[in-house]
Amino acid sequence: MSPLAKKKKIIKFIRCFLYSLLFSCLAVALFVAYVVLAIISNVDQRNVKVEGIVMDENTNQRLANTSVIIYSERFMSDRGTQNYDSCQGFDTLYLQTDHRGYYSVSIDYSCAVTIRVGGEKYRRKVYYPPLRKRIIQNIYLERK
């Protein structure tokens, strides 16, 4: 093999090695970014306000004294331990709408909220709103 052919072969090997090294570093950097973002995004939202108005679906009339149950989940367990893989603590809040059909509650810490509404005359509805600092969920109930 001529010296020129050897030199080309060595350069080709170095180029392949550098590309492999570059892609490996890129893969490690993406993995680290994924882990950091996963940890940052799995933090309880503080001071969540859930509010809305409950109305009759057909008449749009506001419904007073309607039961609203809010289930709140949080990463912090009832014993004070925290796990960022899944929600560990649960709170159940029982509300009644006021004379204007309005309901409102503030939650100290939450990672997920479920709203369940219904009554004797109305079909039950369940909502899974996206978690935000302020959740406004107006509800239209259908008669049974």
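For the structure, see preceding data.
A. Quick peek at the state of the cysteines. Within this structure, the stated rule accounts for zero disulfides. With no disulfide of its own, Cys 25 lies closest to Cys 16 among cysteine sulfurs, the gap being 16 Å.

B. Structural detail: the pattern of salt bridges. Summed over the entire model, instances satisfying the criterion amount to six salt bridges. In this structure, Arg 74 and Asp 91 form a salt bridge, with 2.9 Å as the shortest nitrogen-oxygen distance. With Arg 74 in strand β2 (residues 67-74) and Asp 91 in strand β3 (residues 89-96), this residue pair connects regions lying 17 residues apart in the sequence. Take Asp 91: its relative accessible area is 26%, and that puts it in the partly exposed class. Ionic pairing is found between Glu 142 and Arg 123, a salt bridge with its closest N-O pair at 3.5 Å. On the criterion of sequence distance, the pair formed by Glu 142 in the segment after β8 (139-141) and Arg 123 in the loop between β5 (112-118) and β6 (125-127) is long-range, its members being 19 residues apart. The partly exposed category is assigned to Arg 123, whose relative accessible area is 43%.

What counts as what
Residues numbered from 1 in each chain as written. Predicted model: local features only at pLDDT ≥ 70, side-chain atom pairs only at ≥ 80, totals over all residues. Heavy atoms only, no water. Disulfide = S-S within 2.5 Å. Salt bridge = Lys/Arg side-chain N within 4 Å of Asp/Glu carboxyl O. Helix = DSSP H or I, 4+ residues; strand = E, 2+ residues; numbered from the N terminus. Buried < 20%, exposed > 50% of the residue type's maximum accessible area, 1.4 Å probe, protein only.

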